[in-house]
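Reading the structure
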Amino acid sequence: MTARATYRESGPGRLPQLREDPSMPTVLSKPRAIASAACRTPWGEAAAGLPGAAEVELPKVVGFVVSRFSPLVHDVVTACLGEPGSADDLVGAAGPRTAVVLATLFGDTTTTDTATQRLVAGQVHSPLLFFQSVTTSILGHLTKRYGITGQLTCLSAGGDLATEAFRAADLLLDQDAVEQVLVIGVETAPGERATWVHGRTAAEDGLHALPAGDAAVALLLRRTGTGLPELRGLPEEPDRPAGPAVPWSAPFGWLRALVETAQAADRVRSGRVTQTVIHSTGPDRFRVGPLAP
């Protein structure tokens, strides 16, 4: 699998800061604070060296069976937001002012395929599979745990899906009733059907690469935040020089820009770099960088 996107960092021994034209349009209407971020790549040995690498098995979620889609979302969201009611809970009293955006190209294909195969075989349909076949079912479970009552949005689209997720979050943050948005990108390892469909529609529908295995990322974006890394949209740079290859992010497919943003926030927060420029799988660019005053 290949990925066109690259990132560049500024700091000691890094590239100089980029020149920006504030009059040019960008994906984000204004800078957004990154309050927290987490990645999950439970691929066993295949995830060695990647952020969020874990064992293949994920903690089970009561009421969800067969598929790893919902446990994957549950695990990465808990890592991002902290345990509900704990000192690390980043939702707390802000539940009514917290919105959620979930982006996935194919959704829970394991559940859909299992239900279809049982139906074709004349087997009794499981009510649990019917329930969890709805992509947002795990969001209902999580919003109940955290007391989130803000808007829920589920995206599936051709083109640069990661950028569309950021665009949706930006629009939500422009609403007075929304204080923070949880952005989730998730995809399970592509099975036979998903691989077949993707291979035959990618060129026509502009679908970007699928991840090599189960992968999820969660970012909590806020309007502002003292001492938090800042996510800013940058204008397209038609004449920019080709950046270096980033082999570690290639296995994430279309999720790559979200994962790189999460990793960049960690680097900026720790002071390892002053800024990181991320190129999406489309023409858009983002900068994670200096801590908001």
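Given the structure is predicted, the values throughout are model-derived calculations rather than measurements.

**Some words on the overall build of the protein chain**
The number of helices and strands found in the protein chain is seven helices and nine strands. In the protein chain, buried positions account for 51% of the 293 residues. Here the contacts in the protein chain between residues at least 6 apart in sequence split such that 79% fall between residues at least 24 apart.

**Some thoughts on the pattern of salt bridges**
Across all of its chains, the model carries eleven salt bridges by this definition. For Lys-30, the salt bridge goes to Asp-174, with nearest N and O atoms at 3.1 Å. Of the two residues, Lys-30 is situated in the loop between β1 (7-10) and β2 (32-40) and Asp-174 in the loop between α5 (161-173) and β5 (180-187); the sequence distance between them amounts to 144 residues. The shortest N-O distance in the salt bridge between Arg-256 and Glu-260 comes to 3.0 Å. Of this pair, Arg-256 and Glu-260 both sit in helix α7 (residues 256-270), four residues apart, which is roughly one turn of that helix. The network of salt bridges with common partners includes Lys-30, Arg-32, Asp-170 and Asp-174.

**Some words on helix α4 (residues 137-146)**
Three or more residues of α4 are buried, namely Ser-137, Ile-138, Leu-139, Leu-142, Thr-143 and Tyr-146. Among the residues trailing α4, Gly-147 stands out with phi positive, at a value near 75°.

**Considerations on the environment of Leu-139**
One can find Leu-139 in helix α4. Residues Leu-139 and Val-73 lie 66 residues apart in sequence; the distance between their C-alpha atoms is 8.4 Å. Not counting chain neighbours up to four residues away, the residues in contact with Leu-139 comprise Val-100, Leu-102, Leu-152 and Ile-184.

**Examining helix α1 (residues 69-81)**
Here α1 spans 18 Å end to end across 13 residues, near enough to the 18 Å set by a 1.5 Å rise per residue. A large share of α1 lies buried, amounting to twelve of its 13 residues. For α1, every residue scored as buried is listed here: Phe-69, Ser-70, Pro-71, Leu-72, Val-73, His-74, Asp-75, Val-76, Val-77, Thr-78, Cys-80 and Leu-81. Where α1 is buried, its residues contact β2, β3 (98-103), α4, β5 and β6 (215-222). Directly after α1, the chain includes Gly-82, whose backbone phi takes a positive value near 85°.

**Quick word on the nonpolar core**
In terms of nonpolar packing, the biggest core is built from 42 residues, with Val-181, Val-217, Leu-221, Leu-231, Trp-254, Leu-258 and Val-288 touching the most fellow members. Counting only elements with at least two residues in this core, the list comes to β2, β3, α5, β5, β6, α7 and β9 (285-289). With eight residues, α5 is the largest single contributor of residues to this core. Residues in contact with Leu-231, not counting those within four places in the same chain, are Leu-28, Lys-30, Pro-31, Arg-32, Ile-34, Phe-166, Leu-221, Thr-261, Phe-286, Arg-287 and Val-288. Counting 28 residues, the second largest nonpolar core, distinct from the first, contains Leu-58, Val-76, Ile-138 and Tyr-146.

**Some words on the side chain of Thr-163**
For Thr-163, the location among the structural elements is in helix α5. In terms of polar contacts, Thr-163 uses its side chain to reach the side chain of Asp-160, at 2.6 Å. Once you skip the residues sitting within four places of it in the chain, Thr-163 turns out to touch Val-27, Ser-280, Asp-284 and Phe-286.

About the cut-offs
Residues numbered from 1 in each chain as written. Predicted model: local features only at pLDDT ≥ 70, side-chain atom pairs only at ≥ 80, totals over all residues. Heavy atoms only, no water. Helix = DSSP H or I, 4+ residues; strand = E, 2+ residues; numbered from the N terminus. Buried < 20%, exposed > 50% of the residue type's maximum accessible area, 1.4 Å probe, protein only. Contact = heavy atoms within 4.5 Å. Salt bridge = Lys/Arg side-chain N within 4 Å of Asp/Glu carboxyl O. Expected span 1.5 Å × (residues − 1). Core = buried A, V, L, I, M, F, W, Y, C linked by side-chain atoms within 4.5 Å. Polar contact = N/O pair within 3.5 Å; in protein donor to acceptor, adjacent residues only side chain to side chain.

None of the figures reported here should be taken as evidence of function without further support.
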